[in-house]
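Below, each chain spelled out in residue letters.
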Amino acid sequence: MSQPTEPRTTRPTDQRPTLSRRHALGGVAGVGLGLPLLAACGGDDSSATDPAGSSGASSGGSPSAAGSEGAEGSGGSGGSSAFASTSDVPVGSGAVFPDEGLVVTQPTEGEFLGFSITCTHQGCPVDSVSDAGISCPCHGSIFDLSSGAPTAGPATSALGSIALTVDGDDISRA
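Trainee: Sorry, what's going on with the overall build of the chain here?
Mentor: Along the backbone of the chain there are one helix and 11 strands. Sequence-ordered secondary structure for the chain, helices as α and strands as β, is α-β-β-β-β-β-β-β-β-β-β-β. Residue burial in the chain is summarised as follows: out of 174 residues, 25% are buried. Long-range pairs, those at least 24 residues apart, make up 39% of the contacts in the chain between residues at least 6 apart in sequence. Roughly 11600 Å² of accessible area belongs to the chain as shown, and the carbon and sulfur atoms make up 52% of that amount.

Structure representation (C-alpha coordinates):
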(Lines give C-alpha, C1' and ligand atoms only; values in the text may rest on other atoms or scores of the structure.)
Protein backbone atom coordinates (compact mmCIF):
# COMPACT_ATOMS: atom_id res chain seq x y z
CA MET A 1 0.00 0.00 0.00
CA SER A 2 2.71 2.33 -0.30
CA GLN A 3 2.45 4.97 -2.85
CA PRO A 4 5.16 5.37 -5.31
CA THR A 5 7.36 8.27 -4.40
CA GLU A 6 9.15 10.46 -6.76
CA PRO A 7 12.87 10.51 -6.42
CA ARG A 8 14.18 13.37 -4.33
CA THR A 9 16.23 15.94 -6.06
CA THR A 10 19.44 16.87 -4.41
CA ARG A 11 21.74 19.71 -5.14
CA PRO A 12 24.86 18.80 -6.97
CA THR A 13 27.88 18.83 -4.70
CA ASP A 14 29.96 20.73 -7.23
CA GLN A 15 27.74 23.83 -7.07
CA ARG A 16 29.70 27.05 -6.56
CA PRO A 17 29.09 28.83 -3.26
CA THR A 18 27.19 32.10 -3.45
CA LEU A 19 28.47 35.32 -1.97
CA SER A 20 26.52 36.14 1.14
CA ARG A 21 25.65 39.67 2.19
CA ARG A 22 27.85 39.28 5.27
CA HIS A 23 30.90 38.34 3.20
CA ALA A 24 30.27 41.16 0.70
CA LEU A 25 29.98 43.78 3.44
CA GLY A 26 33.07 42.39 5.15
CA GLY A 27 35.04 42.73 1.93
CA VAL A 28 33.86 46.30 1.39
CA ALA A 29 34.81 47.19 4.97
CA GLY A 30 38.23 45.62 4.51
CA VAL A 31 38.88 47.66 1.38
CA GLY A 32 37.59 50.82 3.09
CA LEU A 33 40.01 50.32 5.96
CA GLY A 34 42.90 49.11 3.87
CA LEU A 35 43.08 51.92 1.30
CA PRO A 36 43.88 54.71 3.80
CA LEU A 37 46.55 52.51 5.36
CA LEU A 38 48.14 51.90 1.98
CA ALA A 39 47.99 55.61 1.18
CA ALA A 40 49.66 56.44 4.49
CA CYS A 41 52.50 54.04 3.70
CA GLY A 42 53.28 55.74 0.39
CA GLY A 43 56.43 57.81 0.11
CA ASP A 44 55.08 60.53 -2.18
CA ASP A 45 56.90 63.76 -1.38
CA SER A 46 54.86 65.88 -3.79
CA SER A 47 52.38 66.99 -1.14
CA ALA A 48 51.81 70.75 -1.09
CA THR A 49 51.82 70.92 2.71
CA ASP A 50 54.77 68.60 3.38
CA PRO A 51 57.70 70.72 2.11
CA ALA A 52 57.03 73.39 4.74
CA GLY A 53 57.36 70.87 7.54
CA SER A 54 61.14 70.75 7.24
CA SER A 55 62.74 74.16 7.12
CA GLY A 56 64.71 74.31 3.89
CA ALA A 57 65.59 70.60 3.71
CA SER A 58 65.04 70.56 -0.03
CA SER A 59 63.91 73.05 -2.62
CA GLY A 60 62.07 70.59 -4.85
CA GLY A 61 59.03 72.78 -5.36
CA SER A 62 60.60 75.93 -6.81
CA PRO A 63 63.22 75.31 -9.50
CA SER A 64 63.21 78.92 -10.71
CA ALA A 65 63.98 80.26 -7.25
CA ALA A 66 66.39 77.51 -6.26
CA GLY A 67 69.52 79.63 -6.23
CA SER A 68 70.90 81.53 -3.26
CA GLU A 69 68.18 84.12 -3.56
CA GLY A 70 67.33 83.87 0.16
CA ALA A 71 68.93 86.88 1.86
CA GLU A 72 70.48 85.01 4.76
CA GLY A 73 71.97 81.52 4.85
CA SER A 74 69.75 79.54 7.21
CA GLY A 75 66.35 78.54 5.82
CA GLY A 76 66.79 80.59 2.64
CA SER A 77 66.10 77.80 0.14
CA GLY A 78 62.70 76.82 1.58
CA GLY A 79 61.50 80.40 1.93
CA SER A 80 62.82 81.91 -1.29
CA SER A 81 59.43 81.84 -3.01
CA ALA A 82 57.08 84.53 -1.70
CA PHE A 83 53.41 83.57 -1.75
CA ALA A 84 52.00 86.86 -0.42
CA SER A 85 52.71 90.50 0.19
CA THR A 86 52.49 92.19 3.58
CA SER A 87 49.74 94.38 2.09
CA ASP A 88 47.60 91.24 1.61
CA VAL A 89 47.33 90.78 5.39
CA PRO A 90 45.37 93.47 7.28
CA VAL A 91 46.53 94.60 10.74
CA GLY A 92 44.33 93.09 13.46
CA SER A 93 43.12 90.36 11.10
CA GLY A 94 44.63 88.05 8.51
CA ALA A 95 44.23 86.22 5.22
CA VAL A 96 43.73 82.60 4.18
CA PHE A 97 46.02 81.15 1.48
CA PRO A 98 44.42 77.80 0.54
CA ASP A 99 47.00 76.95 -2.14
CA GLU A 100 49.71 77.27 0.51
CA GLY A 101 47.65 75.47 3.16
CA LEU A 102 48.07 78.28 5.64
CA VAL A 103 46.62 81.36 7.27
CA VAL A 104 48.71 84.46 7.88
CA THR A 105 47.66 86.84 10.63
CA GLN A 106 48.95 90.26 11.64
CA PRO A 107 47.74 90.73 15.23
CA THR A 108 49.82 93.90 15.62
CA GLU A 109 51.48 95.99 12.95
CA GLY A 110 54.57 94.24 11.58
CA GLU A 111 53.96 90.93 13.41
CA PHE A 112 53.14 88.19 10.87
CA LEU A 113 52.21 84.72 12.10
CA GLY A 114 51.46 81.55 10.13
CA PHE A 115 49.01 78.79 11.00
CA SER A 116 47.74 75.64 9.28
CA ILE A 117 44.34 76.00 7.59
CA THR A 118 43.27 72.59 8.95
CA CYS A 119 40.80 72.93 11.82
CA THR A 120 41.77 70.76 14.76
CA HIS A 121 38.15 69.71 15.39
CA GLN A 122 37.40 67.59 12.30
CA GLY A 123 39.91 68.68 9.68
CA CYS A 124 37.84 71.19 7.72
CA PRO A 125 39.82 74.05 6.17
CA VAL A 126 39.33 77.41 7.86
CA ASP A 127 38.05 79.96 5.37
CA SER A 128 38.09 83.46 6.83
CA VAL A 129 39.86 85.78 9.24
CA SER A 130 38.44 88.80 11.01
CA ASP A 131 39.24 90.80 14.11
CA ALA A 132 37.29 88.11 16.04
CA GLY A 133 39.71 85.39 14.89
CA ILE A 134 40.28 82.63 12.36
CA SER A 135 36.94 80.97 11.52
CA CYS A 136 36.09 77.41 10.54
CA PRO A 137 32.84 77.19 8.56
CA CYS A 138 32.06 73.55 9.37
CA HIS A 139 31.23 73.69 13.07
CA GLY A 140 31.90 77.29 14.10
CA SER A 141 35.29 77.02 15.77
CA ILE A 142 37.18 80.31 16.08
CA PHE A 143 40.91 80.53 16.71
CA ASP A 144 42.99 83.34 18.25
CA LEU A 145 44.98 85.55 15.83
CA SER A 146 48.12 85.51 18.00
CA SER A 147 48.31 81.91 19.20
CA GLY A 148 45.97 79.86 17.01
CA ALA A 149 44.28 78.62 20.21
CA PRO A 150 40.53 77.96 20.04
CA THR A 151 38.36 80.71 21.52
CA ALA A 152 34.92 79.35 20.48
CA GLY A 153 33.31 76.25 19.04
CA PRO A 154 34.04 72.57 19.44
CA ALA A 155 37.79 72.65 18.67
CA THR A 156 39.93 72.02 21.76
CA SER A 157 43.46 72.39 20.42
CA ALA A 158 45.33 75.15 18.59
CA LEU A 159 45.96 75.37 14.86
CA GLY A 160 49.42 74.18 13.86
CA SER A 161 52.01 76.95 13.75
CA ILE A 162 53.93 77.55 10.51
CA ALA A 163 57.14 79.58 10.53
CA LEU A 164 57.23 82.52 8.12
CA THR A 165 59.89 84.83 6.74
CA VAL A 166 59.11 88.45 5.93
CA ASP A 167 61.64 90.05 3.58
CA GLY A 168 60.63 93.60 2.76
CA ASP A 169 57.05 93.25 1.54
CA ASP A 170 57.33 89.54 0.68
CA ILE A 171 55.96 86.77 2.92
CA SER A 172 57.27 83.24 2.44
CA ARG A 173 57.65 80.04 4.42
CA ALA A 174 60.72 79.95 6.64
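Trainee: So what exactly am I meant to see when it comes to the environment of I117 here?
Mentor: Along the chain, I117 falls in the loop between β4 (113-116) and β5 (128-130). According to the relative accessible area criterion, I117 is buried, its value standing at 11%. Remark: the alpha-carbon pair of I117 and I134, spanning 17 residues in sequence, is separated by 9.1 Å. Those residues within four positions of I117 in sequence are excluded, and the remaining contacts are V96, P98, G101, L102, V103, C124, P125 and V126.

Trainee: What's the story with the packing of aromatic side chains in this structure? I'm lost.
Mentor: Here a ring pair, both rings aromatic, is described through the centre-centre distance and the interplanar angle of the planes. Following the criterion strictly, the structure yields one aromatic pair and no others. Judged by centre distance (5.3 Å) and plane angle (70°), the ring pair of F83 and F97 falls under edge-to-face. On the criterion of sequence distance, the pair formed by F83 in the loop between α1 (21-41) and β1 (84-85) and F97 in strand β2 (residues 93-97) is long-range, its members being 14 residues apart. According to the relative accessible area criterion, F97 is buried, its value standing at 14%.

Trainee: Just to check I follow, could you spell out the sheet that holds strand β10 (residues 164-167) for this structure?
Mentor: Backbone-to-backbone hydrogen bonds pair the strands of a sheet. The strands run either parallel or antiparallel. Across the sheet, three strands lie side by side as β1-β11-β10; this open sheet has antiparallel pairing. Either end of the sheet is taken by a strand with one partner, and the two such strands are β1 and β10.

Trainee: Is there a simple way to think about the state of the cysteines in this case?
Mentor: Here, the word disulfide means a covalent bond between the sulfur atoms of two cysteines. Under the criterion given, the structure shown has one disulfide. One disulfide bridge connects C124 with C138, the sulfur atoms lying 2.2 Å from each other. On the sign convention where negative is left-handed, the bridge of C124 and C138, at about -105° about the S-S bond, is left-handed. Here C124 is found in the loop between β4 and β5, whereas its partner C138 is found in the loop between β6 (133-135) and β7 (142-143), with 14 residues between them in sequence. Cysteine C119 is unpaired, with the sulfur of C136 as its nearest cysteine sulfur at 3.8 Å.

Trainee: Please explain the pattern of salt bridges as it appears in this structure.
Mentor: One side chain can pair with another of opposite charge once the charged atoms of both are near each other. Scanning the model with the defined rule gives one salt bridge in all. A salt bridge links E100 to R173; its shortest N-O distance comes to 3.5 Å. With E100 in the loop between β2 and β3 (102-106) and R173 in strand β11 (residues 170-173), this residue pair connects regions lying 73 residues apart in the sequence. Assessed through its relative accessible area of 26%, E100 is described here as partly exposed. Using a relative accessible area of 10% as the deciding quantity, one classes R173 as buried.

Rules used in this analysis
- Residues numbered from 1 in each chain as written.
- Predicted model: local features only at pLDDT ≥ 70, side-chain atom pairs only at ≥ 80, totals over all residues.
- Heavy atoms only, no water.
- Helix = DSSP H or I, 4+ residues; strand = E, 2+ residues; numbered from the N terminus.
- Buried < 20%, exposed > 50% of the residue type's maximum accessible area, 1.4 Å probe, protein only.
- Contact = heavy atoms within 4.5 Å.
- Areas by Shrake-Rupley, 256 points an atom, 1.4 Å probe, with all protein chains shown as cover.
- Phe/Tyr/Trp six-rings, centres within 6.5 Å; stacked < 30°, edge-to-face > 60°.
- Pairing = 2+ DSSP bridges.
- Disulfide = S-S within 2.5 Å.
- Salt bridge = Lys/Arg side-chain N within 4 Å of Asp/Glu carboxyl O.

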